[in-house]
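# Architecture and fold: a report
Listed below are the residues making up each chain.
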Amino acid sequence: MILFGSTGSIGVNALKLAALKKIPISALACGDNITLLNEQIARFKPKFVAIKDSKNKALVKHDKVFIGQEGLEQILTQCQDKLLLNAIVGFAGLKSTLKAKELGKNIALANKESLVVAGKFLKGAKFLPVDSEHAALKFLLEGKKNIAKLYITASGGAFYRYKIKDLKSVTFQAALKHPTWNMGAKITIDSATMVNKLFEIIEAYHLYDFKELDALIEPRSLVHAMCEFKNGASTAYFSRANMKLAISDAIFEKHDTQVLEPIDFSKMPALKFHKISTKKYPIFKLKDIFLKEPNLGVIINAANEIGVQNFLAGRAGFLDIAGGIFRALDYFGVPKISSVEEVFEYDNKTREYLRS
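Note that the structure is a prediction, hence the values are computed from the model and not measured.

## Topic: the overall build of the protein
Of the regular secondary structure elements, the protein holds 14 helices and 11 strands. Against the compact-globule benchmark of 21 Å for 356 residues, the protein has a radius of gyration of 20 Å, which places it among compact chains. Dimensions of the protein, computed from C-alpha atoms along their principal axes, come out at roughly 55 × 55 × 40 Å. Scored against the burial criterion, the 356 residues of the protein give a buried share of 54%. For the protein, the computed accessible surface area is about 16,800 Å², with 50% contributed by carbon and sulfur atoms.

## Remarks on the side chain of Ser96
Along the chain, Ser96 falls in helix α4 (residues 94-102). Classification of Ser96 by relative accessible area gives buried; the value is 0%. If near-sequence neighbours (up to four positions away) are discounted, Ser96 is found in contact with Phe4, Gln69, Leu72, Leu76, Leu84, Asn86 and Ile88.

## Quick word on the environment of Leu59
With respect to the helices, strands and loops of the structure, Leu59 is situated in the loop between β3 (48-51) and β4 (65-67). Once the C-alpha coordinates of Leu59 and Thr35 are considered, the two residues, 24 residues apart in sequence, prove to be 8.6 Å apart. In this view, Leu59 contacts Ile34 and Asn38; residues no more than four positions away in its chain are not counted.

## Quick word on unusual backbone geometry
Within the chain, Lys22 stands out as a residue other than glycine whose phi angle is a positive 60°. As for its position among the elements, Lys22 is in the loop between α1 (9-21) and β2 (27-29). Phi angles above zero are rare outside glycine, and Asp209 is one such case at about 50°. Relative to the helices and strands, Asp209 resides in the loop between α9 (195-208) and β9 (213-217). Assessed through its relative accessible area of 63%, Asp209 is described here as exposed.

Rules of the game
Counting from 1, residues in each chain are numbered in the order their sequence is written. Given that this is a predicted model, residues contribute local features only at a pLDDT of at least 70 and side-chain atom pairs are listed and counted only at 80 or more, while totals for whole chains, interfaces and linings are drawn from all residues. Values reported for side chains reflect all heavy atoms of the structure, with hydrogen atoms and water molecules removed beforehand. Only DSSP runs of H or I reaching four residues or more are called helices, and only runs of E reaching two or more are called strands; each is numbered from the N terminus. Atoms counted for the radius of gyration: C-alpha only. Globule rule: 2.2 Å times the number of residues to the power 0.38. Relative accessibility thresholds used throughout: buried, under 20% of the residue-type maximum; exposed, over 50%; partly exposed, between the two (1.4 Å probe, protein chains only). Per-residue accessibility takes into account occlusion by the displayed protein chains alone, with areas from the Shrake-Rupley method and a 1.4 Å probe. Contacts were defined at the residue level, with two residues in contact if any of their heavy atoms lie within 4.5 Å.

The structure is reproduced here in structure tokens:
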């Protein structure tokens, strides 16, 4: 397996599972956490290693260190492994997804932004979903017909129990205290704004070519997806809130190893499902237009990445994240994108507009 994003939460869990099944790791790539990377190198002994910045190259305890995006693409080209787990965060992961598709590799995709911004250019790629919701949908959809609607669930994020009037003054430290999941900073903020769920709707659309999609809040994160059939029946996928199960579904060839403790239904607390309030989560108002106009993804994602960066750096408030997204959409409208190069152009234009 090739693992990009090895020091993040997905990467760390993937390596635990790889050790469990003795899956060889041929390549590791990370950003700046060189200390953890060196520990991973010592344990898994990959042939190739890549880091973000050349200034850290001398710190890496490996004799074959590649640098930056060019290095990632060199690894994909030189490494014969058929499986890439792409856990790079954000737009930065797109070029690796595109290169892996070009090379015909199987892509265990934790980088949902690849599909959000460039889904139509990734048709035909061999995707294995890593998000818990999409792994759940894959299981529910196997061999099924006459589907009326698909649902994914949201926890509601760190501010689910906050009043709307209190969101103006929340801190990023509070936003990072997710009630049910242990995730990286970016996705935890996206969970609090509901951007993450908006993106997962679009990811599901591209993965399963189905537009009757919605999301509901299930605060305990025990139900991950539901499938509604035309005859009125529904099925649901239950599991504990732990990414190991979804990751194992993507990277294990045989699913014969227990990776999570099963739910004891006799002890399970009462479950409730709630509609997503677009007053509290205004970004979710974009769901229907986004499904109709997937080209909006590059504008929404770029504006969101700028907003989250500013919020985490203390340069903007929590509500400014949504404000920046709507401002960018008002300015650019629906982009006409006919090539993948234009995806990168609109990403850059959006960032420049919001920074100015």
